[in-house]
Amino acid sequence: MTSDETRDGVPLTNLGQPLFDGSNATKRDLVDYLDAVRDRIIPVLRDRALSVIRVRPGQAPFVQKNVPKYTPSWVRTVSVWAEASHRQISYALCDDRRTLLWFANQRAVEYHPALVQGDRFTHLVLDLDPPEENAFPLAVQAAHLVRRALDDAGLAGAVKTSGAKGLHVFVPVEAGSTPEDLAAATRALAARAERVDPALATTAFIRDDREGKVFLDSTRAGGATVVAAYSPRIREDAPVSFPVTWEELDRVTPGDFTIHTAAALLGDRDPWAELMPEPQRLPADLVEEGHTIPIARVQAMHEGKRRARARRAE
């Protein structure tokens, strides 16, 4: 098959094909967008084990962690032990334009880098998940709760749309934070934000316990991934995870930022880099409080088993 175009030595094929159902975009739109924002997205991907979500014509989207056998030799990789599957996984490192273009040609739409860069855990992250698709204003209100909790702890963070229905708050942390302390601080921050307005926000991991509130997800720690700033999403009209200022939050919607509009909105700027505070030391009291809070997934697993036993006993 001949390529439609070659950029930076990477053959780009079938550029006129629809990207995915409901995207209102072609594969060329994806390639052009990622190439246009390469100087912003590559810095947030560099040296991080990368998972992508690809979508082939006529197929459901799928997550790719292990690089395929046909991956070019010039794509850098890193081998990571996966505890869940008990095997080594060879992740790509998207460090340059050529690798990004190769991923785009593979129809990799979403880019989910690890929160660890090399051996350093770089950010505390809260994922604000509203109860339904059209409830973004609730996520915005919850973000303001998180900001208040951050202020009270002497911390500062940056916020971006997730590109789906919610928001992500990133707090850069100083080198030397252990994954256990970072996870603890994340739990404590979520708990403090919840206490500001428990009618709006919840830390309940079990969906049935959330009662229509915004879920303050504190589980994005350790080896977790979070969709990158500037990454497209496999959603209707191909929205993009986009950084905004705290002051802009009340005036934006996820649909404002798509692969058709985001590059022009950026101009020559890199707002994610501009808005990100300097790395901060985790307050000792925040870490200490977090270590008293059960790990959400573990607690949910035990609670699920308890409820199952109770149902069987009825």
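Source: prediction; values computed, not measured.

Criteria and cut-off values
Residues numbered from 1 in each chain as written. Predicted model: local features only at pLDDT ≥ 70, side-chain atom pairs only at ≥ 80, totals over all residues. Heavy atoms only, no water. Helix = DSSP H or I, 4+ residues; strand = E, 2+ residues; numbered from the N terminus. Rg over C-alpha atoms; globule rule 2.2 N^0.38 Å. Buried < 20%, exposed > 50% of the residue type's maximum accessible area, 1.4 Å probe, protein only. Contact = heavy atoms within 4.5 Å. Areas by Shrake-Rupley, 256 points an atom, 1.4 Å probe, with all protein chains shown as cover. Lys, Arg positive; Asp, Glu negative; His and termini not counted. Charge placed at Lys NZ, Arg CZ, Asp CG, Glu CD. Phe/Tyr/Trp six-rings, centres within 6.5 Å; stacked < 30°, edge-to-face > 60°. Lys NZ or Arg CZ within 6 Å of the ring centre and 35° of its normal. Axes fitted to C-alpha atoms, helices over the stretch in contact; angles between N-to-C directions. Parallel < 35°, antiparallel > 145°, perpendicular 65-115°, else oblique. Left-handed = near helix turned anticlockwise from the far one by under 90°. Nonpolar A, V, L, I, M, F, W, Y, C, P; charged D, E, K, R; others polar.

Another aspect to go through is the overall build of the protein chain. Helices and strands together make up the secondary structure of the protein chain, namely nine helices and 15 strands. Computed over C-alpha atoms, the radius of gyration of the protein chain comes to 20 Å, within 12% of the 20 Å expected from 2.2 N^0.38 for 314 residues, which places it in the range of a compact globule. By its C-alpha atoms, the protein chain is 60 × 45 × 40 Å across when sized along the principal axes. Counting all 314 residues of the protein chain, 53% fall into the buried class. If you take every contact in the protein chain between residues at least 6 apart in sequence, the share linking residues at least 24 apart comes to 71%. Counting every atom, the protein chain has about 14,800 Å² of accessible surface; 49% of that belongs to carbon and sulfur. Side chains of the protein chain carry 40 positive and 44 negative charges; the gap between the two charge centres is 6 Å.

Tallied over the entire structure, the rule returns six aromatic pairs. Taking 6.2 Å as the distance between ring centres and 75 degrees as the angle between the ring planes, the aromatic pair formed by F205 and F215 counts as edge-to-face. In this pair, F205 sits in the loop between β13 (201-202) and β14 (214-217) while F215 sits in strand β14, placing the two residues 10 residues apart along the sequence. Its relative accessible area of 26% is what places F205 among the partly exposed residues. One aromatic cluster is present, formed by W102, F103 and Y111 through successive ring pairs. One residue, R98, lies across the ring of W74, its end atom 4.1 Å from the ring centre. A cation over an aromatic ring shows up here: R210 above the ring of F215, its NZ or CZ 3.8 Å from the ring centre.

The next subject is the packing of helix α1 (residues 27-36) against helix α3 (residues 97-105). Contact geometry for α1 and α3: axes closest at 9 Å, N-to-C directions at 160 degrees. In terms of orientation, α1 lies roughly antiparallel with respect to α3. Seen along the crossing, α1 lies across α3 with a hand that is right-handed. Only R97, L100, L101, A104 and N105 of α3 make contact with α1, whose side of the interface consists of K27, L30, V31, L34 and D35. Looking at the contact of α1 with α3 residue by residue, the class counts come to six nonpolar, one polar and three charged.

Within the secondary structure, E133 is located in the loop between β10 (123-129) and α4 (136-153). In the structure, E133 is positioned 36 residues away from V169 in sequence and 19 Å away in space, judged by C-alpha atoms.

Treat this as a map of the structure, not an account of what it does.
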